[in-house]
Amino acid sequence: MEKNEIPVGSIIFNPSTGELVSKAHNSEISHNDPTAHAEILCIRRACKKLNLKRLDGLELLTYLEPCDMCKEVIKSSRISQVYFLLKNNNPKRKTIFNPKFKLINYNNENLLKIFFKQKRIKD
């Protein structure tokens, strides 16, 4: 708390063996990184340690209910289960400006379409 970080910590563990895979705490201020939430840092460390992109079968325990950003990363990492000790009763816990998103009309095939088309052909 001396660094003024929000005191949230997370761990990722293997429920079958009880092995602690990774742990982290919020470090947004010390890392100058708005994505340095405990859950995301914990996921990054687990992926690096296990040399995996997905964390199937592992579980996450965190102090506070994950924010929307963390929930999306948790889903993407395929963590099997998430436990939290405190509910986030402050859904507007940060001042988030509503950025304007605008789709740019582009009729030609883009790099993403080409990439996935080639993947489907190979599979």
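In what follows, the structure referred to is the one given above.
Residues numbered from 1 in each chain as written. Predicted model: local features only at pLDDT ≥ 70, side-chain atom pairs only at ≥ 80, totals over all residues. Heavy atoms only, no water.

(A) The packing of helix H2 (residues 38-50) against helix H3 (residues 68-77), seen in detail. Relative orientation of the contacting elements H2 and H3 amounts to 25°, with a least axis distance of 9 Å. Taken together, the axes of H2 and H3 lie roughly parallel to each other. Where H2 crosses over H3, the handedness of that crossing is left-handed. Counted together, Glu39, Ile40 and Ile43 of H2 and Met69, Cys70, Val73, Ile74 and Ser77 of H3 form the full contact between these two elements. Residue composition of the contact of H2 with H3, grouped by class: six nonpolar, one polar and one charged. (Axes fitted to C-alpha atoms, helices over the stretch in contact; angles between N-to-C directions. Helix = DSSP H or I, 4+ residues; strand = E, 2+ residues; numbered from the N terminus. Parallel < 35°, antiparallel > 145°, perpendicular 65-115°, else oblique. Left-handed = near helix turned anticlockwise from the far one by under 90°. Contact = heavy atoms within 4.5 Å. Nonpolar A, V, L, I, M, F, W, Y, C, P; charged D, E, K, R; others polar.)

(B) Fine view of the nonpolar core. Of all hydrophobic cores here, the largest spans 14 residues; its most connected members are Ile12, Ile43, Leu55 and Ile79. Taken together, the elements giving at least two residues each to this core come down to strand S2 (20-25) and H2. The greatest single-element share of this core, amounting to five residues, is contributed by H2. (Core = buried A, V, L, I, M, F, W, Y, C linked by side-chain atoms within 4.5 Å. Buried < 20%, exposed > 50% of the residue type's maximum accessible area, 1.4 Å probe, protein only.)

(C) Main features of H2. A rise of 1.5 Å per residue sets the reference length of H2, with its 13 residues, at 18 Å; its end C-alpha atoms lie 18 Å apart and thus fit the reference within 8%. Within H2 the residues assigned to the buried category are Ala38, Glu39, Ile40, Leu41, Cys42, Ile43, Ala46 and Cys47. Turning to H2, the residues buried within the fold contact strand S1 (9-13), S2, helix H1 (28-31), strand S3 (59-64) and H3. Of the residues flanking the end of H2, it is Asn51, one or two places downstream, whose phi is positive at about 55°. (Expected span 1.5 Å × (residues − 1).)

(D) Structural context of the pattern of salt bridges. Summed over all chains, the structure comprises four salt bridges. The shortest N-O distance in the salt bridge between Asp33 and Arg44 comes to 3.9 Å. Of this pair, Asp33 sits in the loop between H1 and H2 while Arg44 sits in helix H2; the two residues are 11 residues apart in sequence, bridging distant segments of the chain. With its nearest N and O atoms 3.4 Å apart, the salt bridge here joins Lys71 to Glu65. In this structure Glu65 comes out as buried when scored by relative accessible area, which is 11%. Here the salt bridges do not stand alone but share partners, grouping Glu65, Lys71 and Lys87 into one network. (Salt bridge = Lys/Arg side-chain N within 4 Å of Asp/Glu carboxyl O.)

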